Amino acid sequence: MGERYDEARELASFAGTVAAADRDPVVVIAGCGAGATIEGLREHGVAAYGFDTSRSALDAMDEATQEWAIEADLRDDDLVASLREAFGIDGIDVFVTECVLSFLTLEEATAALARIRETDGVGVLAHKVRIDPPIAAQNGDIDATILPPTEWQAACDPADADIWRDGLERWELPPSGTDPADET
């Protein structure tokens with residue numbers, strides 16, 4: 001029998017390959033929701049943190065997980081500085097957008113990701129994007145940008161610096177010792 005797929009384990013393993021060898025890897029989850037990815041990464045020895053724009057999602061977190069998450073927006077000009085201050089971290093090895101880009105316009109996403117990518121101390125950016133509209137968009141309550149990963153990448157990452165995946169599929173991250181930019 002095969003082993004059950006564990007998304008947090010795969011992301012933790014990848015983070016370990018890109019982090020400095022003298023410390024635990026640091027991963028930040030944008031759109032962390034109720035904190036399941038943060039908890040899973042921490043179970044695998046990763047210093048994981050997150051942020052979300054939804055106060056109600058953050059309030060739904062396990063009380064112990066709340067110390068590793070803050071309310072913030074991907075579009076904040078000083079986002080990385082705020083994360084560093086809130087969590088007492090110097091660098092971020094992997095910055096993950098977890099199905100949150102669909103809540104932004106292409107222009108907002110492009111600007112936010114460029115700002116993060118250009119910040120010293122931020123390593124690999126990895127994105128899970130929705131190919132299905134969120135319920136609120138289906139109900140007409142919000143606008144959503146729904147594109148496949150290749151179209152997000154073409155619009156927001158023309159240099160192919162980041163990792164892009166469908167939100168419903170496995171990470172299938174680059175193996176240890178390879179440049180994440182070379183994985184496509």
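Heads up: the structure comes first, above all this text.
If you're wondering where the values come from, they're calculated on a predicted model, not measured in any experiment. (Residues numbered from 1 in each chain as written. Predicted model: local features only at pLDDT ≥ 70, side-chain atom pairs only at ≥ 80, totals over all residues. Heavy atoms only, no water.)

Asker: Before we move on, can you summarise the overall build of the chain with the specific residues and values?
Answerer: The secondary structure content of the chain amounts to seven helices and six strands. When its helices and strands are written in sequence order, the chain yields α-β-α-β-α-β-α-β-α-β-α-α-β. For 184 residues, the compact-globule estimate of 2.2 N^0.38 gives 16 Å, and the chain sits close to it at 16 Å. For the chain, the spread of C-alpha atoms along the principal axes amounts to about 45 × 45 × 40 Å. Within the chain, the fraction of its 184 residues that count as buried is 44%. Intrachain contacts of the chain at a sequence separation of at least 6 include 59% that bridge at least 24 residues. Approximately 9300 Å² of the chain is accessible, and the part contributed by carbon and sulfur atoms is 47%. If the 13 positive side-chain charges of the chain are averaged to one point and the 39 negative ones to another, these points end up 3 Å apart. (Helix = DSSP H or I, 4+ residues; strand = E, 2+ residues; numbered from the N terminus. Rg over C-alpha atoms; globule rule 2.2 N^0.38 Å. Buried < 20%, exposed > 50% of the residue type's maximum accessible area, 1.4 Å probe, protein only. Contact = heavy atoms within 4.5 Å. Areas by Shrake-Rupley, 256 points an atom, 1.4 Å probe, with all protein chains shown as cover. Lys, Arg positive; Asp, Glu negative; His and termini not counted. Charge placed at Lys NZ, Arg CZ, Asp CG, Glu CD.)

Asker: Describe the nonpolar core, naming the residues involved and giving the relevant values.
Answerer: Side chains of nonpolar character tend, in soluble globular proteins, to be buried together. Core analysis: the biggest nonpolar cluster contains 29 residues, and F51, L74, F95 and L101 have the highest contact counts within it. Those elements giving two or more residues to this core turn out to be β1 (26–30), β2 (47–52), α4 (79–87), β4 (92–98), α5 (106–117), β5 (122–129) and α7 (149–156). Not counting residues up to four positions away in its chain, the partners in contact with F95 are V28, A30, F51, L74, L79, L83, I116, V122, V124, L125 and A126. Judged by nonpolar contacts, the second largest core, of 21 residues, contains V27, I29, V96 and L173. (Core = buried A, V, L, I, M, F, W, Y, C linked by side-chain atoms within 4.5 Å.)

Asker: Tell me about the packing of helix α1 (residues 7–18) against helix α2 (residues 36–43), and please be specific about residues and values.
Answerer: Here α1 crosses α2 at 60 degrees, and the two axes come no closer than 8 Å. One finds that α1 runs oblique with respect to α2. The way α1 lies across α2 gives a crossing that is right-handed. Listed contacts from α2 to A8, L11 and A12 of α1 are T37, G40 and L41. For the contact of α1 with α2, a count of residues per class yields four nonpolar, two polar and no charged. (Axes fitted to C-alpha atoms, helices over the stretch in contact; angles between N-to-C directions. Parallel < 35°, antiparallel > 145°, perpendicular 65-115°, else oblique. Left-handed = near helix turned anticlockwise from the far one by under 90°. Nonpolar A, V, L, I, M, F, W, Y, C, P; charged D, E, K, R; others polar.)

Asker: Before we move on, can you summarise unusual backbone geometry with the specific residues and values?
Answerer: Unlike most non-glycine residues, D160 shows phi in positive territory, near 55 degrees. Residue classification places D160 among the partly exposed residues on the basis of a relative accessible area of 33%. Phi is positive for E172, close to 45 degrees, though the residue is something other than glycine.

Asker: Help me get a handle on the sheet that holds β1, residues and values and all.
Answerer: Picture the strands of a sheet paired through backbone hydrogen bonds; they go either parallel or antiparallel. As summarised here, the arrangement of the six strands in space is β3-β2-β1-β4-β5-β6, forming an open sheet in which the pairing is parallel. Both outer strands of the open sheet, β3 (69–71) and β6 (163–166), are each paired with one neighbouring strand and no more. Adjacent strand axes in the sheet meet at a mean angle of 20 degrees, parallel and antiparallel pairs treated alike. By the bridge criterion, four bridges tie β1 to β4 in an arrangement that is parallel. From the neighbouring strand, V28 faces β4, where its bridge partner is F95. Contacts from α7 reach β5 and β6, with the element oriented near 150 degrees to β6. (Pairing = 2+ DSSP bridges.)

Asker: Could you give an account of the state of the cysteines, with specific residues and numbers?
Answerer: In total, this model carries zero disulfides according to the counting rule given. Looking at the unpaired C99, the closest cysteine sulfur is the one in C32, lying at 13 Å. On the basis of relative accessibility, which here comes to 21%, the residue C99 falls in the partly exposed class. Looking at the unpaired C156, the closest cysteine sulfur is the one in C99, lying at 14 Å. (Disulfide = S-S within 2.5 Å.)

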